[in-house]
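Coordinates in review
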Amino acid sequence: MLEAPKVHFIQLKSVSVENIGILDTLEPHQQLAIVDAGCTGSDKLLAEARYRIYDKIRWIVLSDENTRTADDQENAVFRLTSGLPITGSSEIYYFVKAKSDETLIKDVYRRSMMTELQSSMVGIWRNGTIEDKRSAPSVVSRRRNLQNLPIKTTLVYTNNYTLSHFDDLETTEIDTLPRVSYHILQTLFGYYLNATLEKRYASSWGYPNGSTGIWSGMCGDLIYRRSEVAGSCMLITQSRLFLVDYLKMPIPMKVQFIFKAPNLSTTRNIFRMPFDFGVWICLLGLIVITGTIFAVVRGVLIFNKKSIKSKHMELLDAAFDILAITAQQGSLIEAKSSAQRILIFVSLAGLMFFEVSFSAKIISLIQAPSERINSIPRLLESSLELGADGQPYNQFYFSELFAYQGFTSQIYRRISNTFNDVEKCYLRELQFIHSDIGYLSVQRNFTLREHFNVGLMRMLEVGVYAKQYRMMVTEKPTCTKGIMFRPLDLVDTKFAMKIAACGVAVATCVLLVEIAVGKYTLWKTPLLVYTE
């Protein structure tokens, strides 16, 4: 003690233990509290310590010097600590003078508050040295055998089917996470702690009532001390964080939107995508320049022909001839010179390569899935219908344009049985809940919390947890890379149909205008009457 960096001597008078800051440091496991049972107020100090008796702080109780025999010394310690919450994780040591040259070092604990106090040998102090008698350095490891101690545990179910199928592996897509958690705890209880899982059931994880603030479900059982352990993993939320204690081992519980990526034509205009924007600009410029050259060549031919009427209309027809050539429909005007023939041939040959490249790219784009839906807002803005995993969880509905939200394991189990290998490559995930990890939890200040922490870590190290998880949880299915060739849909030709519809509408409007202008001109023209 005297060599420690900080030593605090406390004389307890009217000051509450709550005001002694040394007992609530950030590293309480480094604190050793020595209490002299012969001092007045020692029993009050230990009583006010409450959960500090079993939570990390180590205690040494010095028995009353007035007692003479070893039994008297031990009984004095037992009387002092009988009403305290001393359990399997408590570290309370005391000394018993056995012989003149040796002192026994013992600890006192109980398995639960319903059982009697008992002691175990820690070491023998002899000739200035200590002979270690512990079976393991960790107090939790030494006392992990709870001798079939019943521990109340609340199990969550959302489907009545689960009530009779917690212990088997049938239809694991129903209540997957509650059943995975139960199997992990069952292994922990049976093979590590030797405890009895006393079951309680709740139909929800537990949420506070908006008006009364009373918690329901599994959280309510922990908060109101109807249960000691939560039998299903749950997310860490701000409201739960200060009401229950979470254990250290996380369990993945992904809640995501899962959907089959729609065709690219559903979300984008595939007719604009084959070429880069710069290529489209250059192509448009080429069409304008070529049309101008067509008009110039045609103008040279008709310049000296005075009998030709409406020369400007012929020039305009020659310029618009490039549109038919661009669409690979041939020339609409008859070539009158070698220059025209060469120009038409070069234009047809050159623009043909653009069309071939365009058509090849369009074919690949029609078969490609869309990557545009990569966030929740874009999913909401898309044409996909959205569905949520309700109760019971085993109802699934898919279609080509559908996004389903729920626990990924349950959805992937159905997808594995219904989708082919290529379709599985089109699956996409969008995270719905920011935390995708659940934790097992226990009652606040649970006396056996460290037993559960150590046991779960041990299961994780030796692979028991991974085995239990793989037996119940279905991961994202593997797929075979490939392309699903399919016929064109209306959505694929939507842009082309819009262009055709706009063209027909414009042509109809122009026709109506021409008819109206013609009738107006006829009405304005005076009627001439010829007489002989």
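What comes next is a walk through the structure.

The rules we used
Residues numbered from 1 in each chain as written. Predicted model: local features only at pLDDT ≥ 70, side-chain atom pairs only at ≥ 80, totals over all residues. Heavy atoms only, no water. Helix = DSSP H or I, 4+ residues; strand = E, 2+ residues; numbered from the N terminus. Buried < 20%, exposed > 50% of the residue type's maximum accessible area, 1.4 Å probe, protein only. Contact = heavy atoms within 4.5 Å. Areas by Shrake-Rupley, 256 points an atom, 1.4 Å probe, with all protein chains shown as cover. Core = buried A, V, L, I, M, F, W, Y, C linked by side-chain atoms within 4.5 Å. Phe/Tyr/Trp six-rings, centres within 6.5 Å; stacked < 30°, edge-to-face > 60°. Lys NZ or Arg CZ within 6 Å of the ring centre and 35° of its normal. Pairing = 2+ DSSP bridges. Axes fitted to C-alpha atoms, helices over the stretch in contact; angles between N-to-C directions. Salt bridge = Lys/Arg side-chain N within 4 Å of Asp/Glu carboxyl O. Patch = residues over 30% accessible without salt bridge, like charges linked within 9 Å, V, L, I, M, F, W, Y side chains within 5 Å. Right-handed = clockwise from strand over helix to strand, strands pointing away. Polar contact = N/O pair within 3.5 Å; in protein donor to acceptor, adjacent residues only side chain to side chain.

Remarks on the overall build of the chain
A tally of helices and strands in the chain yields 15 helices and 15 strands. Each of the 532 residues in the chain was classed as buried or not, and the buried ones make up 40%. Of the contacts made within the chain by residues no fewer than 6 positions apart, 67% connect residues no fewer than 24 positions apart. Counting every atom, the chain has about 30900 Å² of accessible surface; 58% of that belongs to carbon and sulfur.

Considering unusual backbone geometry
Even without glycine at this site, Asp175 takes up a positive phi of about 50 degrees. Note on Asp175: relative accessible area 1%, which makes it buried.

Describing the nonpolar core
Counting 37 residues, the largest nonpolar core has Ile151, Ile184, Leu185, Leu188, Phe452 and Leu456 as its most contacted members. It is helix α4 (residues 176–193) that provides the largest number of residues to this core, a total of nine residues. The contact partners of Ile184, leaving out residues within four places of it in the chain, are Met249, Ile251, Leu456, Met459, Tyr465 and Gln468. The next biggest cluster of nonpolar side chains, apart from the first, holds 21 residues, and it includes Ile57, Val61, Tyr94 and Val96.

A word on the packing of aromatic side chains
What the rule picks out here adds up to eight aromatic pairs. Judged by centre distance (6.4 Å) and plane angle (55 degrees), the rings of Phe95 and Trp125 are tilted. Here Phe95 is found in strand β3 (residues 92–99), whereas its partner Trp125 is found in strand β5 (residues 118–126), with 30 residues between them in sequence. Taken together, Tyr157, Phe166, Tyr182 and Tyr201 form an aromatic cluster joined through their ring pairs. For Arg143, the ring lying beneath its charged end belongs to Tyr109, and the centroid distance is 4.1 Å.

Focus: the sheet that holds β3
Judged by pairing direction, the sheet is mixed, and its six strands sit side by side in the order β1-β2-β3-β4-β5-β6 without closing on themselves. Among the strands making up the open sheet, the edge pair consists of β1 (32–36) and β6 (129–132). Across the sheet, the mean angle separating the axes of adjacent strands is 30 degrees when strand polarity is ignored. In this structure, strand β2 (residues 58–62) lies alongside β3, joined through three bridges in parallel fashion. The partner of Val61 across the bridge, within β3, is Tyr94. Its contacts with the sheet put helix α1 (residues 42–49) on β1 and β2, and the angle it makes with β1 is roughly 145 degrees. Strand contacts of helix α2 (residues 70–81): β2, β3, β4 (102–109) and β5, with the helix running at about 165 degrees to β3, the strand carrying the most contacts.

Side note on the pattern of salt bridges
Inspection of every chain in the model, using the stated rule, returns 15 salt bridges. Arg134 is the partner of Asp132 in a salt bridge, and the nearest nitrogen-oxygen pair spans 3.0 Å. Here the salt bridges do not stand alone but share partners, grouping Glu102, Arg126, Glu131 and Lys133 into one network.

Observations regarding the environment of Lys424
Within the fold, Lys424 resides in the loop between α12 (408–418) and β14 (427–431). In this structure, the C-alpha to C-alpha distance between Lys424 and Ala261, residues 163 residues apart in sequence, is 9.9 Å. Ignoring any residue separated from it by four or fewer positions in sequence, one finds Lys424 in contact with Ile415, Ser416, Phe419, Pro477, Thr478 and Cys479.

Quick look at the environment of Tyr439
Mapping Tyr439 onto the fold places it in strand β15 (residues 437–443). In this structure the C-alpha to C-alpha distance between Tyr439 and Leu247, which are 192 residues apart in sequence, comes to 6.3 Å. Those residues in contact with Tyr439 that sit more than four places away from it in its chain are Ser232, Cys233, Met234, Ile236, Tyr246, Leu247, Lys248, Met249 and Pro250.

Things to note about a nonpolar patch on the surface
A contiguous nonpolar patch, built from Leu32, Ile34 and Leu62 and spanning about 230 Å² of accessible area, is present on the exposed surface. Judged by relative accessible area, Ile34 falls into the partly exposed class, the value being 35%.

Some thoughts on the pairing of β1
Residues Ala33 and Val35 line the buried face of β1, whereas the alternating positions Leu32, Ile34 and Asp36 sit on a face that is not buried. With five bridges connecting them, β1 and β2 associate as parallel partners. From the neighbouring strand, Ile34 faces β2, where its bridge partner is Ile60. Assessed by its sense of winding, the connection that carries the chain from β1 through α1 to β2 is right-handed.

A word on the side chain of Arg179
Tracing the chain through its elements places Arg179 in helix α4. On the basis of relative accessible area, Arg179 is assigned to the buried category, the value being 0%. Within the structure, the side chain of Arg179 is placed 3.1 Å from the side chain of Asp168, a separation counted as a polar contact. With near-sequence residues (within four places) excluded, Arg179 lies in contact with Tyr161, Thr162, His165, Phe166, Asp168, Leu169, Glu170, Thr171, Thr172, Ile174 and Met472.

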